[in-house]
Amino acid sequence: SWPAYDLIVKNRFQYSRRSFNLTNKVGVIMSSRGCPFHCAFCFKATFGNQMRRRSPVSVVAEMQWQIDRFGVTEFQFLDDLFAVNSKWLNEFFQELDRQSIKIPWKCLSRVNSVSKVDLVKMYQHGCYGIEFGVESGNNEILAAASKGITTSQIRETFKIAREIGFLTFGFFIFGLENDNHQTIKQTFDFAIEISPDLCGFAVLLPFPGTHLYKKLPPNVRFNWSIFNSYYDKNALPLSLCEVSAPDLRQYAQQADAEVSGSISYLFKNVLFRKGEYTSLRKEAFSKWFHSLQKIISRRIKGQRVFGNDNLVTNGLLIARDVLILLIVGIFLVMPNKVLKLYKNN
């Protein structure tokens with residue numbers, strides 16, 4: 001039997017649109033539990049290190065049930081690691097074909113666990129978005145975190161995924177062991193370079209059960225307020241590196257706006273977006289436009305973190321960004337004004 005989703009729906013839970021989804025009724029599903037990798041920051045006390053996978057027949061049957069019962073129009077796979085085994089993926093694709101299910105979906109993967117052949121087949125069978133844990137733009141930091149990937153692998157996988165037409169999601173962590181101001185800036189620059197459609201920048205939280213938790217001073221291991229800092233913006237995280245906790249939070253708050261509000265983001269994800277799902281260009285533009293507004297606001301308030309802190313340079317950057325907003329705003333507003341004048345005449 002399937003999870004009792006009907007009980008959740010009765011309690012006012014709705015299958016609703018999330019950021020960068022194609023449709024308005026997004027179903028959730030898990031095809032596996034556990035992850036065989038050993039990232040130093042990852043909390044796996046619930047599902048563990050051993051990966052247990054449902055059969056493709058079972059997964060596709062549940063997908064069909066959710067479609068029939070709740071009117072689901074796309075899926076988000078919540079597995080810690082969905083795209084990791086080519087044999088299982090091929091059986092999953094065959095079952096989708098056998099049941100004639102054609103529905104969009106998204107999932108999580110690693111940059112070194114999925115091949116170009118797998119990515120092409122995934123795209124052909126409805127997958128339009130992939131979430132990747134990037135974490136850092138510095139190879140030494142990645143190695144210290146036991147991530148098991150390199151920046152060259154990250155760069156290549158994002159390039160392939162973009163060429164195929166995927167929406168890409170990148171997750172980054174500030175405050176990993178041995179992080180400093182320079183490596184965090186390197187991670188920020190790397191995020192600008194690979195330019196995911198959506199980014200997530202978090203400050204490290206060394207949860208109990210993780211390798212990094214063991215490195216916490218004994219007197220703070222049971223200070224639970226630090227583990228709530230992700231949700232409680234008044235609670236500062238604990239820094240395990242040379243960058244202070246307030247600085248780490250400032251970096252994380254600024255990074256997403258600067259990546260999503262960059263010129264490269266506008267060009268790659270809006271103006272020259274490739275692939276089948278160009279309909280999401282509007283959402284990408286909205287994210288860019290509002291991110292640039294945040295950047296301008298933070299610069300005016302003196303909250304800029306990345307780049308040159310020189311007042312003259314900062315003033316020039318503000319003027320440049322305001323000019324960009326004005327130009328884009330004119331191109332957005334003028335066509336509507338002309339259309340209204342035409343209709344009135």
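Worth saying up front: this structure is predicted, and the values here are computed from it rather than measured. (Residues numbered from 1 in each chain as written. Predicted model: local features only at pLDDT ≥ 70, side-chain atom pairs only at ≥ 80, totals over all residues. Heavy atoms only, no water.)

**A word on the packing of aromatic side chains**
For the structure on display, the rule yields 19 aromatic pairs. Between Phe77 and Trp105, the ring centres sit 5.4 Å apart and the planes meet at 80°, which makes this aromatic pair edge-to-face. With Phe77 in strand β4 (residues 74–77) and Trp105 in strand β5 (residues 105–109), the pair connects residues that are 28 residues apart, well separated along the chain. Residue classification places Trp105 among the buried residues on the basis of a relative accessible area of 0%. An aromatic cluster is built from Phe77, Phe82, Trp88, Phe92, Phe93 and Trp105, whose rings are joined through pairwise contacts. Cation over ring: Arg53 sits above Phe82, and NZ or CZ is 5.2 Å from the ring centre. (Phe/Tyr/Trp six-rings, centres within 6.5 Å; stacked < 30°, edge-to-face > 60°. Helix = DSSP H or I, 4+ residues; strand = E, 2+ residues; numbered from the N terminus. Buried < 20%, exposed > 50% of the residue type's maximum accessible area, 1.4 Å probe, protein only. Lys NZ or Arg CZ within 6 Å of the ring centre and 35° of its normal.)

**Focus: the pattern of salt bridges**
Should the charged atoms of two oppositely charged side chains come close, the side chains can pair. Under the counting rule described, the total for this entry stands at nine salt bridges. With a shortest N-O distance of 2.7 Å, Arg98 and Glu95 are connected by a salt bridge. Of the two residues, Arg98 and Glu95 are both situated in helix α3 (residues 86–98); the distance of three residues between them amounts to about one turn of the helix. Taking the relative accessible area as the measure of exposure, Arg98 reaches 56% and is therefore exposed. When its relative accessible area of 8% is taken as the criterion, Glu95 is described as buried. The partner of Asp189 in a salt bridge is Lys185, with the nearest N and O atoms 2.9 Å apart. Linking Asp189 with Lys185, this pair stays in helix α7 (residues 181–194), spanning four residues, or about one helical turn. The class of Lys185 is partly exposed, set by a relative accessible area of 29%. (Salt bridge = Lys/Arg side-chain N within 4 Å of Asp/Glu carboxyl O.)

**What to know about the side chain of Asp79**
Its place among the elements puts Asp79 in the loop between β4 and α3. For the buried Asp79, which has no salt bridge, the nearest side chain bearing the opposite charge is Arg53, at an N-O separation of 4.0 Å. Among the polar contacts made by the side chain of Asp79, one reaches the side chain of Ser31 at a distance of 2.4 Å. (Lys, Arg positive; Asp, Glu negative; His and termini not counted. Polar contact = N/O pair within 3.5 Å; in protein donor to acceptor, adjacent residues only side chain to side chain.)

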